[in-house]
Amino acid sequence: LKRQLRLGLTFALYSGVTSLALLAIFSWETFPVCFIKGVGLTDFKKTSEYIISLLLVVAMLLLYRNREKFEPTVQRYLILSMLATIATELSFTFYTHLYGLSNLVGHYCKIVSYYFIYKAIIETGFVKPYDLLFRELKLREEELQRANEQLSRLAVTDPLTGICNRMGFDDMLANETRRAERYGTPVSLVMLDIDHFKHINDEYGHHTGDRVLKQLARLIKANIRANDLFARWGGEEFMIMLPNTNLADAGTFTEKLRAIIEHLRFAETGRLTCSFGVTAFVAADTLDSLTSRVDSALYSAKQQGRNRVILREAAPPPTIPADSRVALNPA
């Protein structure tokens, strides 16, 4: 699982160990006694069976921990094979003669174990070879996709407050205004700015200012609808997009939000107020004209004393006086 296996060296080591074991049993006669007729297995043999069973349990745990590297059917068959082998080893610890029931059960369990190995490696290798060959590639593709999705989220997320950032907001606002223009549905825009935020940073420090921004973001997020979009526009300025909301309803909502913020007491700075600008999208708007108009409304709120909501409608299109019109078909 973790490193490239050197097949030649591995085969040589296994062959060497097997040869030594066979020589110890049949030629040197130095291998410990494993079975005594009429008595059963010796302590050495029983201990060996328990150790084998323990190693198989460890192998199952490792297989489960690395389950994402295996095709699910293969993993299931391998675990069943290990369980059958454990049953084999434990059955062998009970038999006292070669034709006893426990010895018979042990060998049947061994056959079942081999059957599951066959199902896992041979049959699956023929039936679903590409699932086995390309599983690692598929896992890497899934990891890459998750990483790309995370990067995409980070690209449109403000790192301080965790809400949408300006780039993400611009994209969503463009989509929503296109939908509003196509279907004739209203959409309003709210821009807010923390009053005297520079004073907070100067008196309490920037760390306190950051905590205020995060607390305010949580408060506003808890008081908007699920389909509203809330974003940090920059510094202490925030934007709220209100789909399916006309200017009057947006003004009512914003006034309620202003009052909620005004009555909140921040732990370190006490009372906090915000100024708000509100406008609604019209068919002639571009993103620049829409955001410029709501920014102008916010500026007016600050000029008029702060802690207030200013609504601004789009200017009506200019009209041409009747006497200045050019006749298309003069008599």
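So, a few notes on the structure that sits alongside this text. What you are looking at is a predicted structure, and each value in this text was computed from that prediction instead of being measured.

Reading guide: rules and limits
- Residues numbered from 1 in each chain as written.
- Predicted model: local features only at pLDDT ≥ 70, side-chain atom pairs only at ≥ 80, totals over all residues.
- Heavy atoms only, no water.
- Helix = DSSP H or I, 4+ residues; strand = E, 2+ residues; numbered from the N terminus.
- Rg over C-alpha atoms; globule rule 2.2 N^0.38 Å.
- Buried < 20%, exposed > 50% of the residue type's maximum accessible area, 1.4 Å probe, protein only.
- Contact = heavy atoms within 4.5 Å.
- Areas by Shrake-Rupley, 256 points an atom, 1.4 Å probe, with all protein chains shown as cover.
- Lys, Arg positive; Asp, Glu negative; His and termini not counted.
- Charge placed at Lys NZ, Arg CZ, Asp CG, Glu CD.
- Pairing = 2+ DSSP bridges.
- Axes fitted to C-alpha atoms, helices over the stretch in contact; angles between N-to-C directions.
- Expected span 1.5 Å × (residues − 1).
- Patch = residues over 30% accessible without salt bridge, like charges linked within 9 Å, V, L, I, M, F, W, Y side chains within 5 Å.
- Salt bridge = Lys/Arg side-chain N within 4 Å of Asp/Glu carboxyl O.
- Polar contact = N/O pair within 3.5 Å; in protein donor to acceptor, adjacent residues only side chain to side chain.
- Parallel < 35°, antiparallel > 145°, perpendicular 65-115°, else oblique.
- Left-handed = near helix turned anticlockwise from the far one by under 90°.
- Phe/Tyr/Trp six-rings, centres within 6.5 Å; stacked < 30°, edge-to-face > 60°.

### Here we look at the overall build of the chain
- Of the regular secondary structure elements, the chain holds eleven helices and nine strands.
- The C-alpha atoms of the chain give a radius of gyration of 38 Å, which is well past the 20 Å a tight globule of 331 residues would have.
- Across its three principal directions, the C-alpha atoms of the chain cover 120 × 65 × 35 Å.
- Evaluated residue by residue, the chain yields a buried proportion of 36% over its 331 residues.
- Here the analysis covers contacts within the chain between residues at least 6 apart in sequence; of these, 64% occur between residues at least 24 apart.
- Surface exposure of the chain reaches about 21,500 Å², of which carbon and sulfur atoms provide 61%.
- Averaging the locations of the 39 positively and 35 negatively charged side chains of the chain gives two centres separated by 6 Å.

### Some remarks on unusual backbone geometry
- If you check the backbone angles, H196 has positive phi at about 55° while not being a glycine.
- When you line up the elements, H196 lands in the loop between β3 (187-194) and α8 (197-204).

### Here we look at the sheet that holds strand β9 (residues 309-312)
- Across the sheet, five strands lie side by side as β4-β5-β3-β8-β9; this open sheet has mixed pairing. Pairing within the sheet leaves two strands with one partner each, and these edge strands are β4 (229-234) and β9. Sheet twist, expressed as the average angle between the axes of neighbouring strands with direction ignored, equals 20°.

### Structural notes on the side chain of E49
- Locating E49 in the fold gives a position in helix α2 (residues 43-65).
- Here E49 falls in the buried class, since its relative accessible area comes to 1%.
- Other than its neighbours up to four places away in sequence, E49 contacts E89, F92 and T93.

### Some points on helix α9 (residues 206-222)
- With 17 residues, α9 should reach 24 Å at 1.5 Å per residue; the first-to-last C-alpha distance of 24 Å fits that figure.
- Every buried residue of α9 is listed here: T208, G209, V212, L213, L216, A217, L219 and I220.

### A look at a nonpolar patch on the surface
- Taken together, Y114, Y115, I117, Y118, I121 and I122 make up a surface patch of nonpolar side chains, about 600 Å² in accessible area.
- If you trace the backbone, Y115 turns up in helix α4 (residues 101-127).

### Observations concerning the side chain of D193
- Mapping D193 onto the fold places it in strand β3.
- Residue classification places D193 among the buried residues on the basis of a relative accessible area of 5%.
- At 2.7 Å, the side chain of D193 forms a polar contact with the side chain of K302.

### Description of the packing of α2 against helix α3 (residues 72-92)
- The geometry of α2 relative to α3 is characterised by a closest axis approach of 9 Å and an angle of 165° between their N-to-C directions. Considering the angle they form, α2 stands roughly antiparallel to α3. When the axes of α2 and α3 are compared, the crossing they make is left-handed. Packed against α2, whose contacting residues are E49, Y50, I52, S53, L56, V57, A59, M60, L63 and Y64, the element α3 presents Q75, L78, I79, M82, L83, T85, I86, E89, L90 and F92 at the interface.

### Let's talk about helix α7 (residues 166-183)
- Between its terminal C-alpha atoms α7 stretches 25 Å, which fits the 26 Å expected from 18 residues at 1.5 Å a residue.
- Looking at α7, one finds that the buried residues are G168, F169, L173, A174, E176, T177 and A180.
- Elements in contact with the buried residues of α7: β3, β4, β5 (237-243) and α11 (287-303).
- With a side-chain oxygen positioned 3.3 Å from the backbone nitrogen of M167, the residue opening α7 is N165.

### A few points about the packing of aromatic side chains
- Summed over the entire model, instances satisfying the criterion amount to five aromatic pairs.
- For the pair F31 and F44, a centre-to-centre distance of 5.8 Å together with 80° between the ring planes defines the contact as edge-to-face. Of the two residues, F31 is situated in the loop between α1 (7-26) and β1 (35-36) and F44 in helix α2; the sequence distance between them amounts to 13 residues.
- The exposure class assigned to F31 is partly exposed, which follows from its relative accessible area of 36%.
- What links up through ring pairs into an aromatic cluster is the set Y77, Y115 and F116.

Scope: geometric values only; no functional claims are made or implied.
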